[in-house]
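Residues per chain, in single letters:
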Amino acid sequence: MTGSVNRQWVLRHRPDATVRDEDFELRSAPIPSIASGEALIRVRWLGIDATQRGWLNDADNYMDAVPLGAVMRGSGVGQVVASEHPGYPVGSWVFFDGVGGPILEHGLAHLAHHARVVLTGAVATGYQGTDPSTGPRNYPRLALTRSRLEGFIFLDYVDRFPEAFTTLLDWHTRGHLTLAETITPGLESAPSALRSLFEGHNLGKQLVQVAGR
């Protein structure tokens, strides 16, 4: 874990009208140790909501006011970086890898206990028809985390293609799935588009637009 300081916005004054910067104080405190049943979370995103203004007033509300001298309350998104709670194992539950090389090693280094590693490709090897010169150096992490590594070939699930297409289209329509595409125009660009996959020039799915829409 990087960093050893816990930064906190503390309420100093209750605002009369408009919230002012000086109503708060940014303080630093040591990162607390965690006890049994607890988890340590590093906040990545803070949610800023109108209801927080109401929490600053010493008045009736659906939730008690934030006390003076207390850390400001709010929603957020964080990463579990240490845990003594069985419901919050540290690391990735599923790592879906199509690159191999250093990317695979990074994934193996950040696995949760009993995680699954799905191997679907190894672009970093160049696909030159021979085995890579080296394997993941940190494969013992699989034993330490009791994780499972398994290959995935999409042809094993041809019978579920209609189900997959329907589900993926529904997710995309509802905004739950974002597509990233790199499009090169013209059939003549196909060889360079293939080469780009191994040179890191594409973002998301590499496509060649053969004809106009």
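These notes cover the structure that comes with them. Counting from 1, residues in each chain are numbered in the order their sequence is written. Per-residue local features of the predicted model are confined to residues with pLDDT of at least 70, and side-chain atom pairs are confined, for both listing and counting, to 80 or more; whole-chain, interface and lining totals are unaffected and use all residues. In computing side-chain properties, one takes all heavy atoms of the structure into account and sets aside hydrogens as well as water.

## Topic: the overall build of the chain
As a reminder of what qualifies: Secondary structure elements are defined from DSSP: runs of H or I of at least 4 residues count as helices, runs of E of at least 2 residues count as strands, and each element is numbered from the N terminus. Categorising residues by exposure relies on relative accessible area from a 1.4 Å probe, with only protein chains included: less than 20% of the type maximum marks a residue as buried, more than 50% marks it as exposed, and the intermediate range marks it as partly exposed. In short, Shrake-Rupley with a 1.4 Å probe defines the accessible areas, and a residue's cover is counted only from the protein chains shown. Only four residue types enter the charge count: Lys and Arg as positive, Asp and Glu as negative, with His and the chain ends excluded. A charge is said to be at NZ when it belongs to Lys, at CZ for Arg, at CG for Asp and at CD for Glu.
Looking only at helices and strands, the chain features 5 helices and 9 strands. Secondary structure elements of the chain occur, N-terminal to C-terminal, as β-β-β-α-β-β-α-β-α-β-α-β-α-β. Over its C-alpha atoms, taken along the principal directions, the chain stretches across nearly 70 × 50 × 35 Å. In the chain, which comprises 213 residues, the proportion classed as buried is 19%. Accessible surface, the chain as shown: approximately 15900 Å² in total, 57% of it carbon and sulfur. For the chain, the centre of its 19 positive side-chain charges and the centre of its 22 negative side-chain charges are spaced 3 Å apart.

## Thoughts on the nonpolar core
Let me state the cut-off plainly: To define a nonpolar core, start from buried Ala, Val, Leu, Ile, Met, Phe, Trp, Tyr and Cys residues and group those joined through side-chain atoms within 4.5 Å. Pairs of residues are marked as contacts when any of their non-hydrogen atoms sit within 4.5 Å.
With 7 residues, the main nonpolar core is built from Phe-95, Leu-104, Leu-108, Leu-111, Ala-115, Val-117 and Leu-142. Elements with a minimum of two residues in this core: α2 (101–108) and β6 (111–119). Take this core: its biggest share by element is 3 residues, from β6. For Leu-111, the contacting residues outside a window of four places in its chain are Val-90, Gly-91, Ser-92, Phe-95, Val-117, Leu-142, Thr-145 and Ser-147.

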